[in-house]
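# Inside the fold
One letter stands for each residue in the lines below.
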Amino acid sequence: MQRQRFERKYFITERQALQMREFVKHYLVLDEFSVGKPDFSYPVHSVYLDSDDLMTYWATVHCEKKRFKLRVRFYDNNPESPLFFEIKRRENECVLKQRGTVLRSAGPVLLAGHLPGPEHMASNKPHHLAALQRFSYIMHKLNARPMVHVGYMREAWVSRQSNSVRVTF
């Protein structure tokens, strides 16, 4: 599981975002995926899973202190690129994330409800398989299925020293 982190999200105008970029570039550097990209941005796609009664959605809307979301994330449409099956939890002000990296070809099979195995993995790290197995367990428990696809362009700035600070637009 990813170490805990704290997130703050704000609605800002494009003008404010440009001003923020000018400010953060004095303290942070572009992340490896933003470097050299037009507008310093790269695509992010997330397919969110939920139950028929939208349990995870309503937990977010009602600002429940302990909630989670299931999502499949990808960054391009290349059939060779992996998919990231993620469980993102919030406990009070803390955000924790488990992520399993799988082969693109395994995505439809896993989302159809098949149990994950090592043959589905794009990474041989044991914690990736554990995250995918947990994702599958929760998906089955909720009878969750893909509900919405969110795509956007991300510009990300990070600390030079560690991953302790991250600012994204």
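This text gives an overview of the structure that appears in the document. (Residues numbered from 1 in each chain as written. Predicted model: local features only at pLDDT ≥ 70, side-chain atom pairs only at ≥ 80, totals over all residues. Heavy atoms only, no water.)

### Observations concerning the sheet that holds strand 2 (residues 29–30)
- Ordered by their spatial adjacency, 3 strands build an open sheet running 2-8-9, and the pairing between neighbours is antiparallel. Looking along the sheet, the strands with just one partner apiece sit at the ends: strand 2 and strand 9 (166–168).
- When strand 8 (residues 156–158) meets strand 9, the two strands line up antiparallel, connected through 3 bridges. When the sheet's bridge partners are listed, Val158 is paired in strand 9 with Arg166. (Pairing = 2+ DSSP bridges. Helix = DSSP H or I, 4+ residues; strand = E, 2+ residues; numbered from the N terminus.)

### Some details on the side chain of Asp31
- You can see Asp31 is positioned in the loop between strand 2 and strand 3 (42–50).
- Discounting residues that sit within four places of it in the chain, Asp31 has contacts with Tyr42, Ala156, Trp157, Val158 and Arg166. (Contact = heavy atoms within 4.5 Å.)

### Remarks on the packing of aromatic side chains
- Per the counting criterion, the structure on display carries 7 aromatic pairs.
- For the ring pair Phe23 and Tyr27, a centre distance of 5.2 Å and an interplane angle of 45 degrees mean the geometry is tilted.
- You can call Phe23 partly exposed: its relative accessible area is 48%. (Phe/Tyr/Trp six-rings, centres within 6.5 Å; stacked < 30°, edge-to-face > 60°. Buried < 20%, exposed > 50% of the residue type's maximum accessible area, 1.4 Å probe, protein only.)

### Structural notes on the environment of Ser162
- Examined against the element boundaries, Ser162 turns out to sit in the loop between strand 8 and strand 9.
- Owing to a relative accessible area of 35%, Ser162 belongs among the partly exposed residues under this scheme.
- When the C-alpha positions of Ser162 and Leu96 are compared, they lie 18 Å apart, and in sequence the two are 66 residues distant.

### Quick notes on the pairing of strand 3
- Taking burial as the measure, the 9 residues of strand 3 include 8 buried ones, the bulk of the element.
- As paired elements, strand 3 and strand 7 (residues 145–154) share 9 bridges and run antiparallel to each other. Residue Val44 lies in a different strand from strand 7, and its bridge partner there is Tyr152.
- The sheet contact formed by strand 3 and strand 4 (residues 66–74) spans 5 bridges and is antiparallel. What sits directly across from His45, in strand 4, is Phe74.

### Here's the deal with empty space enclosed by the protein
- This model, assessed by the stated rule, comprises 1 cavity of 30 Å³ or more.
- The volume enclosed by the largest cavity comes to roughly 30 Å³.
- Lining the largest cavity, in full, are Phe85, Leu110, His114, Pro116, Leu132, Phe135, Ser136 and Met139.
- The greatest single-element share of the lining of the largest cavity, amounting to 4 residues, is contributed by helix 4 (residues 126–142).
- Of the residues belonging to the lining of the largest cavity, the class tally is 6 nonpolar, 2 polar and no charged. (1 Å grid on protein atoms, 1.4 Å probe; cavity = no way out; pocket = protein on both sides within 12 Å on 5 of 7 lines; lining within 4 Å. Points joined across faces, edges and corners; volume = space filled by probe spheres on them. Nonpolar A, V, L, I, M, F, W, Y, C, P; charged D, E, K, R; others polar.)

### Let's talk about the pairing of strand 4
- Summarising the sheet, strand 4 and strand 5 (residues 83–91) pair through 8 bridges and their orientation is antiparallel. Paired with Arg73 across the bridge in strand 5 is Phe84.

### Describing helix 4
- End to end, helix 4 covers 25 Å across 17 residues, agreeing with the expected 24 Å (1.5 Å per residue, within 8%).
- Just past helix 4, the residue Asn143 takes up positive phi, approximately 55 degrees. (Expected span 1.5 Å × (residues − 1).)

### Details of the nonpolar core
- If you look at the biggest cluster of nonpolar residues, it comprises 19 residues, and the most contacted ones within it are Leu49, Leu70, Val72, Phe85, Val102 and Phe135.
- Elements supplying a minimum of two residues to this core: strand 3, strand 4, strand 5 and helix 4.
- Per-element accounting of this core gives the leading share, 6 residues, to helix 4.
- Apart from the residues within four sequence positions on either side, Phe135 is in contact with Leu49, Leu70, Arg71, Val72, Phe85, Glu86 and Ile87. (Core = buried A, V, L, I, M, F, W, Y, C linked by side-chain atoms within 4.5 Å.)

### Remarks on the pattern of salt bridges
- Summed over the entire model, instances satisfying the criterion amount to 9 salt bridges.
- Here Arg21 and Glu155 are joined by a salt bridge, their closest N and O atoms 2.8 Å apart. Residue Arg21 is found in helix 1 (residues 14–24), and its partner Glu155 is found in the loop between strand 7 and strand 8; the two are separated by 134 residues along the sequence.
- The salt bridge partner of Arg166 is Asp31, with a shortest N-O separation of 3.7 Å. Of this pair, Arg166 sits in strand 9 while Asp31 sits in the loop between strand 2 and strand 3, and the two are 135 residues apart along the sequence.
- Given a relative accessible area of 5%, Asp31 falls into the buried group.
- Among the ionic contacts, a cluster of salt bridges with common partners joins Arg71, Glu86, Lys97 and Arg99. (Salt bridge = Lys/Arg side-chain N within 4 Å of Asp/Glu carboxyl O.)

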